[in-house]
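Structural overview
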Amino acid sequence: MALRCLSQSSTTPSYLSKIWGLRMHGTKAAASVVEEHVSGAEREDEEYADVDWDKLGFSLVQTDYMFATRSCRDGNFEQGYLSRYGNIELNPAAGILNYGQGLIEGMKAYRGEDGRILLFRPELNAMRMKIGAERMCMHSPSVHQFIEGVKQTVLANRRWVPPPGKGSLYLRPLLFGTGASLGVAAASEYTFLVFGSPVQNYFKEGTAALNLYVEKVIPRAYLGGTGGVKAISNYGPVLEVMRRAKSRGFSDVLYLDAETGKNIEEVSAANIFLVKGNTIVTPATSGTILGGITRKSVIEIALDLGYKVEERRVPVEELKEAEEVFCTGTAAGVASVGSITYQNTRSLLPLWIHVSEHNIYLYAWT
Ligand code: PLP
């Protein structure tokens, strides 16, 4: 089985470089090819959108098309269609506007050196949306319908997929209640919509190590709540906490558990890992933490590499014992943490490296 590398390797001798330097062979992590039938010559002629790829950050760049499909009362989704990217119409009594029935996903399409466009484990995003939909009492597209919608969006916007090594097309699948209801009830109809935007680094730090602020007062999620799924309602309540931390120069916020306020959970849109010798530690996803696809992939690779992986409660004090701390997420990639500020004390982590999307290896089975 041949493996193709889609990106450069890190040269830094640490856990992170080892993990990205290792092929995903033997793990369940694999990339999925968006289209197969484009010849090499066609790829060379490919036109790109008028974008300064070196100046991409992580803000919305509107692309050409979006994909949408609606569910009927029986819960099945119709055949989806592409339309020009633009505003959508909603009934003022729509479930999303009144009762917050909404889920998001986040995934990326990359262009390989050979021009092929790849998605990373899209079936996991599809399955996560299904689980979220069950929790939020919503209809959901099948895994096939989800992936089909994502692929159609990528192909219709392929000129917006950055050249190899210059970023990716971030894809935002949305599921939301569009059926109208006055009383508190689940909507009778849902829309599944996918749009994309070319992106590079998520954090303003670029590839430099992150400075995290540990939030003591406001938790991100509660036991029995929706922290474990990608409900849109998880993000609004922490925007002010994030704004405050960023205005003080921090990269992002690290949240503690609501129950005791003593254990770390996750960052606003990324999971967190500690490295201690041959052991990698990460908070267990027991309902309040999102089961990240990058998290899952990193755990699988770490196990393949012979690391011991512990998924458990992680007291905030344990951060002091870590040799490396890093965050994982589709948007963030794998990002090193350089300092953590807790109770007004800033602790510098003993070891940190520069890691970015450029350092991440993705492999396709050819
Ligand atoms: N945690 C939260 C709250 C997130 O929003 C995300 C991003 O989706 C993650 C973790 C990382 O998940 P993934 O690796 O699937 O992108």
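Cut-off values and rules
- Position labels on residues start from 1 in each chain and follow its written sequence.
- Note on the predicted model: pLDDT of at least 70 is required for a residue's local features to be given, and 80 or more for side-chain atom pairs to be given and counted; whole-chain, interface and lining totals, by contrast, use all residues.
- Side-chain metrics rest on all non-hydrogen atoms present in the structure, leaving aside hydrogens and water.
- Summary of the distance rule: residues count as near a molecule or strand when at least one heavy atom falls within 4 Å of that molecule or strand.
- Throughout this description, a polar contact denotes any pair of N or O atoms lying within 3.5 Å of each other; where both atoms belong to protein, one of them has to be capable of donating a hydrogen while the other can accept it, and for residues adjacent in sequence the pair is counted only when both atoms sit in side chains.
- Computed with the Shrake-Rupley method and a 1.4 Å probe, the accessible areas treat only the protein chains shown as cover for residues.
- Labels follow the DSSP assignment, with helices taken as runs of H or I lasting at least four residues and strands as runs of E lasting at least two, numbered in each case from the N terminus.
- Under the convention adopted here, Pro, Cys and the residues Ala, Val, Leu, Ile, Met, Phe, Trp and Tyr are nonpolar, Asp, Glu, Lys and Arg are charged, and Gly plus all remaining residues are polar.
- The quantity known as pLDDT measures the predictor's confidence residue by residue, on a range of 0 to 100.
- Should any heavy atoms of two residues lie within 4.5 Å, those residues are considered in contact.
- Here, expected helix span is obtained from the residue count minus one, scaled by 1.5 Å.
- Note on classification: 1.4 Å probe, protein chains only; a residue is buried when its accessible area is under 20% of the maximum for its type, exposed when over 50%, partly exposed between these limits.
- The criterion for strand pairing is that DSSP finds at least two bridges linking the strands in question.
- Salt bridges are counted wherever a side-chain nitrogen of Lys or Arg sits within 4 Å of a carboxyl oxygen of Asp or Glu.
- Interaxial angle, 0 to 180 degrees, is taken between N-to-C directions of lines fitted to C-alpha atoms, where a helix line uses only the stretch in contact.
- In this scheme, roughly parallel covers angles under 35 degrees and roughly antiparallel covers those over 145, while 65 to 115 is roughly perpendicular and the rest are oblique.
- Crossing handedness: left-handed means the near helix sits turned counterclockwise from the far one by under a right angle, and right-handed means the same turn made clockwise.

1. Looking at the site of the ligand
- The ligand sits among 16 residues. The nearest are Lys 230, Tyr 235, Glu 266, Thr 294 and Thr 330.
- Glu 266 places a side-chain nitrogen or oxygen 2.5 Å from a nitrogen atom of the ligand.
- Compared with its free state, where it exposes 380 Å², the ligand has 97% of that area covered by protein.
- Of all the secondary structure elements, the ones that give two or more residues to the shell around the ligand are helix H7 (293–304) and strand S16 (324–329).
- Looking at the shell around the ligand, its residues break down into 5 nonpolar, 7 polar and 4 charged.

2. Things to note about the confidence of the model for the protein chain
- Scored by pLDDT, the protein chain comes out at a mean of 87, with 84% of its residues at no less than 70.
- Note on residues 351–366: pLDDT is under 50 here. Beyond four places in sequence and across chains, it has 79 contacts.

3. Side note on H7
- Given a rise of 1.5 Å per residue, 12 residues ought to cover 16 Å, and the 17 Å separating the end C-alpha atoms of H7 matches this to within 8%.
- Listed as buried for H7 are Ile 293, Thr 294, Arg 295, Ser 297, Val 298, Ile 299, Glu 300, Ile 301 and Ala 302.
- One or two positions beyond H7, positive phi appears at Gly 306, with a value near 95 degrees.

4. Examining the environment of Tyr 202
- Tracing the backbone shows Tyr 202 in the loop between strand S9 (190–199) and strand S10 (210–215).
- Take Tyr 202: its relative accessible area is 24%, and that puts it in the partly exposed class.
- Taking the C-alpha atoms as reference, Tyr 202 lies 9.9 Å from Gly 329; in sequence the two are 127 residues apart.
- Sequence-distant contacts of Tyr 202, defined by excluding residues within four places in its chain, comprise Phe 58, Ala 269, Ala 331 and Ala 332.

5. Comments concerning the pairing of strand S18 (residues 345–348)
- Pairing between strand S17 (residues 333–342) and S18: 4 bridges, direction antiparallel. Considered in S18, the bridge of Thr 341 is made with Arg 346.
- In this structure, the hairpin formed by S17 and S18 is closed by a connection of 2 residues, where Gln 343 is found at a positive phi of approximately 50 degrees.

6. Considerations on unusual backbone geometry
- At Gln 343, a residue that is not glycine, the phi angle is positive and equals roughly 50 degrees.
- Structurally, Gln 343 is set in the loop between S17 and S18.
- With a relative accessible area of 46%, Gln 343 lands in the partly exposed category.
- Despite not being glycine, Asn 344 has its phi angle at roughly 65 degrees, a positive value.
- Checked against the element boundaries, Asn 344 lands in the loop between S17 and S18.
- Among the residues examined, Asn 344 registers a relative accessible area of 68% and is labelled exposed.

7. Things to note about the pattern of salt bridges
- What the rule picks out here adds up to 19 salt bridges.
- When the shortest N-O distance is used, the salt bridge between Arg 243 and Glu 240 registers 2.9 Å. Of the two residues, Arg 243 and Glu 240 both sit in helix H6 (residues 239–247), 3 residues apart, roughly one turn of that helix.

8. Let's talk about the packing of helix H4 (residues 122–135) against helix H5 (residues 143–156)
- Interaxial distance between H4 and H5 falls to 9 Å at its minimum, and their mutual angle equals 125 degrees. Comparing the axis directions of H4 and H5 gives the class oblique. For H4 against H5, the interelement crossing comes out right-handed. Contact residues: Pro 122, Glu 123, Asn 125, Ala 126, Met 127, Met 129 and Lys 130 in H4; Val 143, Phe 146 and Ile 147 in H5.

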